[in-house]
Amino acid sequence: MAGTNLLTLLDDITALLDDIATMSKVATKKTAGVLGDDLALNAQQVTGVSADRELPVVWAVAKGSFLNKTMLVPAALLISVWLPWLITPLLMIGGLFLCFEGAEKLVEKAFPAAKSNDHNEAADIDLVEYEKQKIKGAIRTDFILSAEIIVITLGTVAGASLLNQALVLSVIAVLMTIGVYGLVAGIVKLDDAGLYLLKQALQTGNRFKEILGKGLLAAAPRLMQFLAFAGTVAMFLVGGGILVHGISILHHWQLTVTDYGLSHLGSVGEVIAPLLFDGTLGLLAGAMIVLIHYIVMRFIAKKPTA
C-alpha cells in the first residue's frame, strides 16, 4: 500500500513538473521579445564605467533585478487570486508602454541633441556617484521590464492552478535574470577578451589568437548596435502583439492580413504577415503616445507657476 502511494506521489510530481516545463517554454517564447530589449538596455546601462568596475556593476544590477522579482512575483500572484480581471488591462498598459519606449528610442535617434547633453553632464559628476546613478537607473529600467515579463507570463498561465502559476513565475524570473545578466557580463567583457588575446598573440606569435582577438574587438561594438536595434524592433512586435490579443477587432484584422499573406506568398506570407501587422501597429501606437506625451509636457512647461 505504501509502495503504491509512493508511486502515485511520484507520478503526480512528474506530471506537475511536466506541466511546469511546458508552461515555462510557452512563457519563455512569449517574453523573448522583452528579453532581447532587457539585454540590450542593460548592456548599454553599464557602458561608461571603468573596465575594472564593469562586472561589479553588472552584479549590483543583477542583485537589484532579483530583488525586483521577489516583489513582482508575489504581487502578480495576488492579482491572479483577487483581481484576475486586472491581468488583461495590465497587459494592455504594458504593451502600450513597450510601444512608447520603442518610439521614444526612434525619436532619440533622430534628435540626439538632448542625449548628448546628458552625457556632458555625466562627465562632470564624481565617478563613484556616476556609477551609483548608473546602477540605480539600470535597476529602475529592470523593474519596468521585469514587470512586463512577469505580467506576460501571468497572462500565459492564467488558467493554471495557483501552485503552477507560482512555480512557473519563479522559474521564469530566475532563468531570465541569470540569462540576461550572464549575457550582459559576457558582452561587456568581449573587448577585454579581445585585448587579452592580442597581447597573448604578441608574446607567443600565435596567429589564431591574433585573428580571434581582432575579431572580438571588431564584433563587440557591432553586437551592441545589433542588440539595440533588435531590442527596439522587439518592443514594437511584442507591444503590438499584446494589443492584438487584447482587442478583438485588431485580432480580426490580423487574421485578415494573415490570410492575405498566405494566399499570396504561401507559408512564408503566413509567418511574415502577422509580424508585420504587429510591428506596424506597435509603431503607430508608440508614435501616437509619444506625440501625446510631447504635447502634455509642452503644456505643463508653459503652464505658469503660482
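On a predicted model such as this, the values are computed, not experimentally measured, just so you know.

Undergrad: Before we move on, could you go through the pattern of salt bridges and cite the residues and values that matter?
TA: A side chain with one charge may pair with a side chain of the opposite charge, provided their charged atoms come close. Within the structure shown, the criterion is met by three salt bridges. The salt bridge involving Asp-192 is made with Lys-189; its shortest N-O contact spans 2.7 Å. Across the pair Arg-207 and Glu-210 runs a salt bridge whose closest N-O atoms are separated by 3.3 Å. One end of the pair, Arg-207, and the other, Glu-210, are both in helix 9 (residues 207–246), three residues apart, so they sit about a helical turn from each other. With relative accessibility at 54%, the residue Arg-207 sits in the exposed group. Classification of Glu-210 by relative accessible area gives partly exposed; the value is 23%. Through salt bridges with shared partners, a single ionic network connects Arg-207, Glu-210 and Lys-214.

Undergrad: Account for helix 9, naming residues and giving values.
TA: Spanning 40 residues, helix 9 covers 56 Å between terminal C-alpha atoms, matching the ideal 58 Å at 1.5 Å per step. Where helix 9 bends most, the angle comes to about 30 degrees, and this point is Ala-219, followed within four residues by the proline Pro-221. The N-cap residue of helix 9 is Asn-206: its side-chain oxygen and the backbone nitrogen of Phe-208 are 2.9 Å apart.

Undergrad: Could you give an account of the packing of helix 8 (residues 190–204) against helix 9, with specific residues and numbers?
TA: Where helix 8 contacts helix 9, the axes come no closer than 7 Å and their chain directions differ by 160 degrees. On the basis of their axis angle, the class for helix 8 and helix 9 is roughly antiparallel. In terms of crossing hand, the pair formed by helix 8 and helix 9 is left-handed. Contacts between helix 8 and helix 9 pair Leu-190, Asp-191, Ala-193, Gly-194, Leu-195, Leu-197, Leu-198, Gln-200 and Ala-201 from the former with Lys-209, Glu-210, Leu-212, Gly-213, Lys-214, Leu-216, Leu-217, Ala-220 and Leu-223 from the latter. Here the contact of helix 8 with helix 9 is composed, by residue class, of 11 nonpolar, three polar and four charged.

Undergrad: For the packing of aromatic side chains, give the residues involved together with the corresponding values.
TA: Counted by the stated rule, this structure contains one aromatic pair. Taking the centre distance of 6.3 Å and the plane angle of 45 degrees together, the rings of Phe-97 and Phe-100 count as tilted. With a gap of three residues between them, Phe-97 and Phe-100 both fall in helix 4 (residues 87–110), about one helical turn apart. By relative accessible area, which is 29% here, Phe-97 ends up partly exposed. Among the residues examined, Phe-100 registers a relative accessible area of 12% and is labelled buried.

What counts, and where the lines are drawn
- Residues numbered from 1 in each chain as written.
- Predicted model: local features only at pLDDT ≥ 70, side-chain atom pairs only at ≥ 80, totals over all residues.
- Heavy atoms only, no water.
- Salt bridge = Lys/Arg side-chain N within 4 Å of Asp/Glu carboxyl O.
- Helix = DSSP H or I, 4+ residues; strand = E, 2+ residues; numbered from the N terminus.
- Buried < 20%, exposed > 50% of the residue type's maximum accessible area, 1.4 Å probe, protein only.
- Expected span 1.5 Å × (residues − 1).
- Bend = angle between axes of the 7 residues up to and from the residue.
- Polar contact = N/O pair within 3.5 Å; in protein donor to acceptor, adjacent residues only side chain to side chain.
- Axes fitted to C-alpha atoms, helices over the stretch in contact; angles between N-to-C directions.
- Parallel < 35°, antiparallel > 145°, perpendicular 65-115°, else oblique.
- Left-handed = near helix turned anticlockwise from the far one by under 90°.
- Contact = heavy atoms within 4.5 Å.
- Nonpolar A, V, L, I, M, F, W, Y, C, P; charged D, E, K, R; others polar.
- Phe/Tyr/Trp six-rings, centres within 6.5 Å; stacked < 30°, edge-to-face > 60°.

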